[in-house]
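If you want the building blocks of each chain, they are given just below.
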Amino acid sequence: MGLGGCIILIAVGAILTFATDWDMQGVNLDLVGVIFMVVGLIGVATFSSIARRRRVVMPPTTPVVEERPHHPTQDGYRDGYGA
């Protein structure tokens, strides 16, 4: 469950606890809402601790430039053909 799912659980739990006055036989909706909110908060805490561990900062790497010895360019007359 990602961060969005945890936030949805918290929101649904708050709605069930604070914004409804439904009565269902055998089900306490206030308690169900509180359970949803607690599970959502545990999920947010777990997600944030895992995300903090995943964030590894890599130092910037500098490109390696290979230096080759410079050879003077030869014109077409001194390339080994007929010289």
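Quick caveat, the model's predicted, so the values are computed rather than measured.

Thresholds applied
Residues numbered from 1 in each chain as written. Predicted model: local features only at pLDDT ≥ 70, side-chain atom pairs only at ≥ 80, totals over all residues. Heavy atoms only, no water. Helix = DSSP H or I, 4+ residues; strand = E, 2+ residues; numbered from the N terminus. Buried < 20%, exposed > 50% of the residue type's maximum accessible area, 1.4 Å probe, protein only. Contact = heavy atoms within 4.5 Å. Areas by Shrake-Rupley, 256 points an atom, 1.4 Å probe, with all protein chains shown as cover. Patch = residues over 30% accessible without salt bridge, like charges linked within 9 Å, V, L, I, M, F, W, Y side chains within 5 Å. Salt bridge = Lys/Arg side-chain N within 4 Å of Asp/Glu carboxyl O. Polar contact = N/O pair within 3.5 Å; in protein donor to acceptor, adjacent residues only side chain to side chain. Expected span 1.5 Å × (residues − 1). Arc of directions from axis to C-beta.

**Structural notes on the overall build of the protein**
Stage number 1. Regarding its fold elements, the protein presents two helices and zero strands.
Stage number 2. Classification of the 83 residues of the protein by burial places 13% in the buried group.
Stage number 3. In the protein, the share of contacts with a sequence separation of at least 24, taken over all contacts with a separation of at least 6, comes to 50%.
Stage number 4. Surface exposure of the protein reaches about 7600 Å², of which carbon and sulfur atoms provide 63%.

**Some points on a nonpolar patch on the surface**
Stage number 1. A contiguous nonpolar patch, built from Ile 8, Val 12, Leu 31, Ile 35, Phe 36 and Val 39 and spanning about 490 Å² of accessible area, is present on the exposed surface.
Stage number 2. Secondary structure elements with two or more residues in the nonpolar patch: α1 (3–18) and α2 (29–54).
Stage number 3. Note on placement: Ile 35 falls in helix α2.
Stage number 4. On the basis of relative accessibility, which here comes to 43%, the residue Ile 35 falls in the partly exposed class.

**Side note on the side chain of Thr 17**
Stage number 1. On the secondary structure map, Thr 17 appears in helix α1.
Stage number 2. What makes Thr 17 buried here is its relative accessible area of 15%.
Stage number 3. Here the side chain of Thr 17 touches Asp 30 through a polar contact of 3.4 Å, landing on its backbone oxygen.
Stage number 4. At 3.3 Å, the side chain of Thr 17 forms a polar contact with the backbone nitrogen of Val 34.
Stage number 5. With near-sequence residues (within four places) excluded, Thr 17 lies in contact with Asp 30, Gly 33, Val 34 and Met 37.

**Notes on α1**
Stage number 1. For α1, built from 16 residues, the straight-helix expectation of 22 Å at 1.5 Å per residue is met to within 8% by its first-to-last C-alpha distance of 22 Å.
Stage number 2. Among all positions in α1, only Cys 6, Leu 9, Gly 13, Leu 16 and Thr 17 are buried. Along the axis of α1, the buried residues cluster in a sector spanning 95°; they form a single face. Projecting away from the buried face of α1 at angles above 90 degrees are the exposed residues Ile 8 and Phe 18.

**Some details on the environment of Thr 20**
Stage number 1. With respect to the element layout, Thr 20 can be found in the loop between α1 and α2.
Stage number 2. The exposure class assigned to Thr 20 is buried, which follows from its relative accessible area of 19%.
Stage number 3. Note: C-alpha distance between Thr 20 and Asp 30 (10 residues apart in sequence) is 8.6 Å.
Stage number 4. For Thr 20, the side chain forms a polar contact with the main-chain oxygen of Leu 16, separated by 2.8 Å.

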